[in-house]
Amino acid sequence: QGQLVESGGGLVQTGGSLRLSCVASGHIFNSYAMGWLRQAPKKGREFVAAINWIGGRTYYADSVKGRFTISRDNAKNTLYLEMNSLAPEDTAVYYCAKHCGGGPYDATYGYDSWGQGTQVTVSS
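Everything numeric here is computed off the predicted structure, so don't read it as measured data. Counting restarts for each chain, with residues numbered from 1 along the sequence as it is written. The predicted origin of the model limits local features to residues at a pLDDT of at least 70 and limits the giving and counting of side-chain atom pairs to 80 or more, whereas totals for whole chains, interfaces and linings rest on all residues. The basis for every side-chain value is the complete set of non-hydrogen atoms in the structure, without hydrogens or water.

*Asks:* Could you clarify how one ought to interpret the pattern of salt bridges in this entry?
*Replies:* Charged atoms that come close allow side chains of opposite charge to pair. The rule for a salt bridge is simple: a side-chain nitrogen of Lys or Arg has to be within 4 Å of a carboxyl oxygen of Asp or Glu. Within this structure, the stated rule accounts for six salt bridges. With its nearest N and O atoms 3.1 Å apart, the salt bridge here joins Lys65 to Asp62. Each of Arg38, Glu46, Arg67 and Asp90 takes part in a single network of salt bridges with overlapping partners.

Given below as structure tokens:
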């Protein structure tokens, strides 16, 4: 079973920036689309962004479009999420996940391997 390990979360003020990273085991990363999803307190898990395995196509939730950028470095088995203009509503645990290869990227059921999550807190 592969492993996904996120890092880069923390506490930031409104308008600030953070960069999340996710290091993956090789067999869980290569040839698969990857995504970032998040879960805010008392809410369900929701899609944030996804990228195909070559890295040429990206997908974003409307709530983060224009502020967040997803990218990947396949040579390093690492997925990134650059987050700018952060707002209190972005506060959540952010998860890195591998897409199963079927179904839409913006559906949480399409992801079959998950990291442990990293906390992002945006203060007002």
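*Asks:* Quick question: what am I supposed to make of the pairing of strand S3 (residues 18–24) here?
*Replies:* Regular strands have side chains that alternate between both faces of the sheet. Counted residue by residue, S3 has five buried out of seven residues, so it is predominantly covered. Any two strands are treated as partners once DSSP identifies two or more bridges connecting them. Here a strand is any run of E in DSSP of at least two residues, a helix any run of H or I of at least four, and the numbering for each starts at the N terminus. As paired elements, strand S1 (residues 4–7) and S3 share four bridges and run antiparallel to each other. Paired with Val5 across the strands is Val23, a residue of S3. Sheet topology note: the S3/strand S8 (residues 78–83) ladder contains six bridges and is antiparallel. Looking at the pairing, Leu20 lines up with Leu81 of S8. Think of it in three bands: residues with accessible area under 20% of the maximum for their type are buried, residues over 50% are exposed, and the middle band is partly exposed, with areas taken using a 1.4 Å probe on protein chains only.

*Asks:* What is the right way to read the side chain of Asp90 from this model?
*Replies:* Within the secondary structure, Asp90 sits in the loop between S8 and strand S9 (92–99). The contact criterion used is simple: two residues touch if any of their non-hydrogen atoms lie within 4.5 Å. Excluding residues within four positions of it along the chain, Asp90 makes contact with Arg38, Arg67, Phe68, Ser85, Val120 and Val122.

*Asks:* Can you help me understand the sheet that holds strand S7 (residues 68–73) in this one?
*Replies:* As a general point, the strands of a sheet are linked pairwise by backbone hydrogen bonds and lie either parallel or antiparallel. Spatial strand order, S1-S3-S8-S7: four strands in an open sheet with antiparallel pairing. The strands lining the two open edges of the sheet, one partner per strand, are S1 and S7. Averaged over neighbouring strand pairs, the angle between their axes works out to 15° when direction is ignored. Orientation is described by axes fitted as lines to C-alpha atoms, over the contacting stretch for helices, and by angles from 0 to 180 degrees between their N-to-C directions.

*Asks:* So what exactly am I meant to see when it comes to unusual backbone geometry here?
*Replies:* A positive phi angle, near 50°, is found at Asn77, a position not held by glycine. The residue Asn77 is located in the loop between S7 and S8 in this model. Here the phi dihedral of Ser85 falls at roughly 50°; this positive angle occurs in a residue that is not glycine. With respect to the helices and strands, Ser85 occurs in the loop between S8 and S9.

*Asks:* Can you walk me through the packing of aromatic side chains in this structure?
*Replies:* Each aromatic ring pair is characterised by the separation of its centres together with the angle its planes make. Any two rings among Phe, Tyr and Trp, with Trp reduced to its six-membered ring, count as a pair given centres within 6.5 Å; such a pair is stacked if its planes are under 30 degrees apart, edge-to-face if over 60, and tilted if neither. What the rule picks out here adds up to three aromatic pairs. When the centroid spacing of 4.7 Å and the interplanar angle of 50° are considered together, the rings of Tyr59 and Tyr105 count as tilted. Of this pair, Tyr59 sits in strand S6 (residues 58–60) while Tyr105 sits in the loop between S9 and strand S10 (111–114), placing them 46 residues apart in sequence. Between Tyr111 and Trp114, the ring centres sit 6.2 Å apart and the planes meet at 65°, which makes this aromatic pair edge-to-face. Through a chain of ring-to-ring contacts, three or more aromatic side chains come together here, namely Tyr95, Tyr111 and Trp114. Over the face of the ring belonging to Tyr95 we find Arg45, whose NZ or CZ atom lies 3.9 Å from the ring centre. Ring-over charges, as used throughout, are those where CZ of Arg or NZ of Lys falls within 6 Å of the ring centre and within 35 degrees of the ring normal. One cation-aromatic arrangement involves Arg72 over Phe29; the distance from NZ or CZ to the ring centre is 4.3 Å.

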